[in-house]
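# Structural characterization, general
In case you want the letters, here they are:
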Amino acid sequence: MNTMTPPSTRTSPEPIEHPDVLVVGGGPAGSTAATLLARKGWRVVQLERERHPRFHIGESLLPMNLPILQRLGVLEQVAGIGVHKAGADFPTPDGSYNTFRFERALDARATHAYQVPRDHFDRLLFEHAAANGVDTRPATTATKVELNEHGSPWRVHARTVDGQALCFQPRYVVDASGRDTLLGRALKLKRKNPRHQSAAIFSHFSGVARREGEDAGNISVLRFAHGWIWMIPLPDGLMSVGAVCFPDYLKQRNGDTESFLMQTLAMQPAVVERMRGAQRVAPVHVTGNYSYTCQRMAGPCWVMVGDAYAFLDPIFSSGVYLGMDSAEQAAGMVDAALRDPTCEAARQRAMQKRSDRGLAWFSWFIYRFMSPTMAHLFAHPNNRWQVEQAVISMLAGDVYDNPRVRRRLRVFQLVFALRALSTLPASLAARWRRRRAPRRASISKRWPRPPRPLPARASVLERRDERPGLPPAERALRGHRAAGAAGPARRAGGVRLRCPRAGTRGPALRARGPGAGVRAGTVRGVAWQRRGAAWPGRRHRLGQ
């Protein structure tokens, strides 16, 4: 019996299908939920808007993925398509790197993970769902969600790539649509993360040098001035290389995306060294508005899993694991709710509380990863009180159900706070420079510096300027600022200009003689002038 209350006045021109569960999305989260629910005996339909295999980013798994893959029955197949990942490495100030090996994690449940090509990995899980009795529908896009009077999804409309219209009226909807956030948009629950907005640019390369020995399959995470860079080894000699950047930096890009990606990677010397002779073998992709979350994870007869509920910066490769773990939890909750609707609300609250707890731990590290304090602690790990092992457990994904790990992570938070106090000036300076850089670049575009400085004794009005029709007063001001020399007053066109010391902000020029009563200067890079003592505070842009 359908537990939703359908409005009696609504009709659908398409034939209506009545599965027990409709899973929207054919990625790892959707296939995990669909497989586990089909094994429980429910009629499950799974929609995927594209045909597998299709390109997708997020190739790095965590050790905590392996128990889930084992329960699904696909661990051996995944090992056959992946690269052995023993840990993750982070740079040190001396140019080398520290490797955090998963085998050293506190209460390690798995000692390694895999780097997988997502097109093969996602297809494997999707086909495995079909083999377990799921009615899989590739190349079928969910286009519309009808809500009942209680605000819950009642019907879901879809369309195949051939144009065929479909309509589903399921007992339960599992939204695994990823960043499309089907229910998040329909229910107006999606919110951008105001604390961490970033964007990524990435591609695949061949001929990139790998680490030596058993570290050859490790992911490398390297900081640079405007974000961080990942390097993920893949089968067949390929390497996924990309950069997650601050939005202000991406706004500065000019020209094609490939050139911008290469310019960005060139900012990290260690990356340049490893990519000598590398060749790009895939298109360059750009994604924006990286981090978001939804206000609720579940409601009456619906649940969101994986990226449909929340997406974090992928710095710790948590995306696939968070998706598959939430899907496994959701499958248990949906099965219980379909059998006993009275337990649905309590099961949903418990599921969201657990999910938010794990997200909070990853978020805490992500928000602080670019700080000098975190860079120092990752470059100089210390295992006193097993704190380093707890951090490795976090990197492995064990942040949900292990209280020993969580207690030691709180100790790490205390160590971080004490260290941050000692490095507060450096942290504030780094943050100020990062925020200042886009503004300086913008000013430089509007007010480019002249090609050569004036000689010390040259008249400031003799400077040639590339901007036609520039007013004389503005030419004088710009020439005066470029000269930037302290010393005696200059004379230009009968107007006496006093030159302040170089580097002063907003120089004021007092004109005497024919131009008496005129003051000029700059405010945030914009030239202005004030005429007469009778107009205090009134400023006019020069040349207007």
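What you see is a predicted model; the values in this text were computed from it and never measured.

Across its full length, the protein chain holds 15 helices and 29 strands. Within the protein chain, buried positions represent 51% of all 544 residues. Taking contacts inside the protein chain between residues at least 6 apart in sequence as the whole, the part at least 24 apart equals 68%.

Right, let's get into helix 2 (residues 65-72). Side chains of residues three or four places apart in an α-helix project in the same direction, reflecting 3.6 residues per turn. Among the residues making up helix 2, those that are buried are Asn-65, Leu-66, Ile-68, Leu-69 and Leu-72. Projected onto a plane normal to the axis of helix 2, the buried residues spread over an arc of 160 degrees and lie on a single side. The secondary structure elements touched by the buried residues of helix 2 are helix 1 (28-39), helix 3 (75-81), strand 7 (113-115), helix 4 (118-131) and helix 9 (319-339). Downstream of helix 2 by one or two residues, Gly-73 has phi in the positive range, about 90 degrees.

One can find Asp-175 in strand 12 (residues 172-175). The buried charged residue Asp-175 lacks any salt bridge, with Arg-185 as its nearest oppositely charged partner at 7.6 Å. Within polar-contact distance, the side chain of Asp-175 engages the backbone nitrogen of Leu-183 at 2.9 Å. Excluding residues that lie within four positions of it along the chain, Asp-175 makes contacts with Val-24, Thr-181, Leu-182, Leu-183, Gly-184, Val-303, Met-304, Val-305 and Ala-308.

In this fold, Gln-115 is placed in strand 7. Within the structure, Gln-115 has its side chain in polar contact with the backbone oxygen of Gly-217 (distance 2.9 Å).

For any two aromatic rings, the description comes down to two numbers: the centre-to-centre distance and the angle of the planes. For the coordinates displayed, the defined rule picks out 18 aromatic pairs. On the basis of an interplanar angle of 15 degrees and a centroid distance of 6.4 Å, the ring pair of Phe-55 and Phe-202 is categorised as stacked. One end of the pair, Phe-55, is in the loop between strand 3 (44-47) and helix 2; the other, Phe-202, is in strand 14 (residues 199-206), with 147 residues separating them in the sequence. Judged by relative accessible area, which is 37%, Phe-55 ranks as partly exposed. Taken together, a centroid distance of 5.6 Å and an interplanar angle of 80 degrees make the contact between Phe-90 and Phe-100 edge-to-face. Placement of the pair is Phe-90 in strand 5 (residues 87-91) and Phe-100 in strand 6 (residues 97-101), with a sequence separation of 10 residues. Relative accessible area serves as the criterion here: at 1%, Phe-90 is assigned to the buried category.

Scored by pLDDT, the protein chain comes out at a mean of 82, with 76% of its residues at no less than 70. In this model, residues 454-468 is a region of pLDDT below 50 whose contacts with residues beyond four sequence positions or in other chains number 29 contacts. A low-confidence stretch, residues 472-544 (pLDDT under 50), is modelled with 133 contacts involving residues beyond four sequence positions or located in other chains.

Another aspect to go through is a positive patch on the surface. A surface patch of like charges, here positive, comprises Arg-179, Arg-185, Lys-190 and Lys-192. In this fold, Arg-185 is placed in helix 5 (residues 182-186).

So, about the pattern of salt bridges. Any two side chains of opposite charge can pair, so long as their charged atoms come close to each other. A complete count under the given rule lists 22 salt bridges for this structure. Residue Arg-354 pairs with Asp-401 through a salt bridge whose shortest N-O separation is 2.9 Å. Here Arg-354 is found in helix 10 (residues 344-368), whereas its partner Asp-401 is found in the loop between helix 12 (387-396) and helix 13 (403-422), with 47 residues between them in sequence. Given a relative accessible area of 13%, Arg-354 falls into the buried group. Judged by relative accessible area, Asp-401 falls into the partly exposed class, the value being 42%. Within the structure, one salt-bridge network assembled from shared partners comprises Glu-48, Arg-54, Arg-118 and Asp-122.

Right, let's get into the sheet that holds strand 8 (residues 135-137). The strand order across the open sheet built from six strands is 8-3-2-12-22-21, with neighbouring strands paired in mixed fashion. Each of the sheet's edge strands pairs with one partner strand only, and the pair in question is strand 8 and strand 21 (298-299). In the sheet, strand 3 pairs with strand 8 via three bridges, with the strands oriented parallel. Each residue of the ladder has a partner; that of Val-45, found in strand 8, is Asp-135. Strands strand 2 (21-24), strand 3 and strand 12 of the sheet are contacted by helix 1, whose axis makes an angle of about 165 degrees with strand 3.

One open sheet holds the three strands; their spatial order is 13-20-23, and the pairing between them is antiparallel. Each edge of the open sheet carries a strand with a single partner, namely strand 13 (190-192) and strand 23 (310-311). Across two bridges, strand 20 (residues 292-294) lies against strand 23 in antiparallel orientation. Each bridged residue has a counterpart across the sheet, and for Tyr-292 the counterpart in strand 23 is Phe-311.

What counts, and at which threshold
Residues numbered from 1 in each chain as written. Predicted model: local features only at pLDDT ≥ 70, side-chain atom pairs only at ≥ 80, totals over all residues. Heavy atoms only, no water. Helix = DSSP H or I, 4+ residues; strand = E, 2+ residues; numbered from the N terminus. Buried < 20%, exposed > 50% of the residue type's maximum accessible area, 1.4 Å probe, protein only. Contact = heavy atoms within 4.5 Å. Arc of directions from axis to C-beta. Lys, Arg positive; Asp, Glu negative; His and termini not counted. Salt bridge = Lys/Arg side-chain N within 4 Å of Asp/Glu carboxyl O. Polar contact = N/O pair within 3.5 Å; in protein donor to acceptor, adjacent residues only side chain to side chain. Phe/Tyr/Trp six-rings, centres within 6.5 Å; stacked < 30°, edge-to-face > 60°. pLDDT = per-residue confidence, 0-100. Patch = residues over 30% accessible without salt bridge, like charges linked within 9 Å, V, L, I, M, F, W, Y side chains within 5 Å. Areas by Shrake-Rupley, 256 points an atom, 1.4 Å probe, with all protein chains shown as cover. Charge placed at Lys NZ, Arg CZ, Asp CG, Glu CD. Pairing = 2+ DSSP bridges. Axes fitted to C-alpha atoms, helices over the stretch in contact; angles between N-to-C directions.

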